[in-house]
Amino acid sequence: MTGVPGLLAVIDMQRVFADPASPWATPRYADAAAGVRSLLPAFAGRVAFTRFLAPEEPAGAWRAYYAQWPFALQPPDAGLWELTDDFAAQAGHVVEATTFGKWTPELAARLGPDDRLVLAGVSTDCCVLSTALAAADAGTPVLVVADACAGVDDDSHLKALQLMELYRPLIRVTTIADLLAEAGP
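Per-chain numbering applies: the sequence of each chain, read as written, is numbered from 1 onward. Two thresholds apply to this predicted model, a pLDDT of at least 70 for residue-level local features and 80 or more for giving and counting side-chain atom pairs, whereas whole-chain, interface and lining totals are computed over all residues. Only hydrogens and water are set aside when side-chain values are computed; all heavy atoms of the structure are taken into account.

## Remarks on the environment of Gln68
Part 1 of the reasoning: Inspection of the secondary structure puts Gln68 in helix α3 (residues 61–68).
Part 2 of the reasoning: Each residue is assigned to one of three classes by its accessible area relative to the maximum for its type, calculated with a 1.4 Å probe on protein chains only: buried under 20%, partly exposed between the two thresholds, exposed over 50%. The exposure class of Gln68 is exposed, given its relative accessible area of 55%.
Part 3 of the reasoning: Separated by 64 residues in the primary sequence, Gln68 and Ala132 place their C-alpha atoms 25 Å from one another. Only DSSP runs of H or I with at least four residues qualify as helices, and only runs of E with at least two residues qualify as strands; both kinds are numbered from the N terminus onward.

Here's what the structure looks like:
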């Protein structure tokens, strides 16, 4: 396999979203993780993992957000922010952000001028959506791999995918099979 063009950004595959006991558990995390694992070989050397982190001191609207979710006000090295074991060992490059969107200057710098950003991870209706919209606004073509993402629930996942489809051709929703077929045998 020659590989799929672009950079794969694996969004927030962290313990806080994987743990069923977490207030931020993503019910289909395991499905998204299986999808991510199937994509990784096609993007060898062109993968960035991201981590959502709480800010040291929430400001602006984030103060009200963390008043609702005080459990999350933990330092960057807290266990809940770690990538799950299967991804921690594979994460050669990690982009950290205290925002939902992971389209940071650091992530943008990993793409060439004609590259596209391929998104997988959690949650479709929050951090994946926020990253896709910001990257598209910056002029970067975005592919969202539907079956390598998961939302807070199935309905929210589907609604977020439908919303992103409205941004064609800037954002396109695809599947693992269709994306990997691009790479050829």
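Picking up after the structure, the text goes on.
## Re the pairing of strand β6 (residues 171–174)
Part 1 of the reasoning: Only when DSSP finds a minimum of two bridges between them are two strands counted as paired. Summarising the sheet, strand β5 (residues 142–150) and β6 pair through four bridges and their orientation is parallel. Counterpart to Val144 in the pairing with β6 is Val173.
Part 2 of the reasoning: Seen with its strands pointing away from the viewer, a crossover is right-handed if its path from the first strand over the helix to the second goes clockwise. Traced from β5 through helix α7 (residues 154–165) to β6, the parallel crossover comes out right-handed.

## With respect to the nonpolar core
In summary, soluble globular proteins display a tendency toward joint burial of nonpolar side chains.
Part 1 of the reasoning: Grouping buried Ala, Val, Leu, Ile, Met, Phe, Trp, Tyr and Cys residues that are joined through side-chain atoms within 4.5 Å yields what is termed a nonpolar core. Grouped together as the largest cluster of nonpolar side chains are 38 residues, with contacts concentrated most on Leu8, Trp81 and Phe87.
Part 2 of the reasoning: Of all the secondary-structure elements, those providing two or more residues to this core are β1 (7–11), α1 (15–18), α2 (29–39), β2 (47–52), β4 (117–122), β5 and α8 (176–183).
Part 3 of the reasoning: Among the elements that take part in this core, α2 stands out by supplying five residues, more than any other.
Part 4 of the reasoning: Ignoring anything within four residues of it in the chain, the contact list for Phe87 reads Met13, Tyr29, Ala33, Val36, Arg37, Leu40 and Phe49.
Part 5 of the reasoning: Membership of the second largest hydrophobic core comes to 25 residues, among which are Ala160, Met164, Ile171 and Val173. Here, two residues are considered to be in contact whenever any of their heavy atoms come within 4.5 Å of each other.

## Quick look at the packing of α2 against α8
Part 1 of the reasoning: Helix axes are fitted to C-alpha atoms over the stretch in contact, other axes to C-alpha atoms as well, and angles between N-to-C directions run from 0 to 180 degrees. Interhelical geometry of α2 versus α8 gives an angle of 5 degrees and a closest axis separation of 11 Å. When the axes of α2 and α8 are compared, the pair comes out roughly parallel. Across the interface between the two elements, Gly35, Ser38 and Leu39 from α2 touch Ile176, Leu179 and Leu180 from α8. The labels follow the angle: roughly parallel below 35 degrees, roughly antiparallel above 145, roughly perpendicular from 65 to 115, and oblique for the rest.

## Considerations on the pattern of salt bridges
Part 1 of the reasoning: The term salt bridge refers to a pairing of a side-chain nitrogen on Lys or Arg with a carboxyl oxygen on Asp or Glu at a separation within 4 Å. Under the defined criterion, the tally for this structure stands at 11 salt bridges.
Part 2 of the reasoning: Here Glu165 makes a salt bridge to Arg168, at a shortest N to O gap of 2.6 Å.
Part 3 of the reasoning: Judged by relative accessible area, Glu165 falls into the partly exposed class, the value being 27%.
Part 4 of the reasoning: Put simply, Arg172 and Glu182 hold a salt bridge, and the shortest N to O gap is 3.8 Å. Taken together, the positions of Arg172 in strand β6 and Glu182 in helix α8 put the pair 10 residues apart, joining distant regions of the chain.
Part 5 of the reasoning: A cluster of three or more residues bridged by salt bridges with shared partners is formed by Arg15, Glu82 and Asp85.

## Some thoughts on unusual backbone geometry
Part 1 of the reasoning: A cis geometry characterises the amide bond from Val122 onward to Ser123, with omega recorded as -15 degrees.
Part 2 of the reasoning: Counting through the fold element by element, Ser123 comes out in the loop between β4 and α6 (124–137).
Part 3 of the reasoning: Its identity as a non-glycine residue notwithstanding, Asp12 has a phi of 50 degrees, on the positive side.
Part 4 of the reasoning: Structurally, the position occupied by Asp12 is in the loop between β1 and α1.

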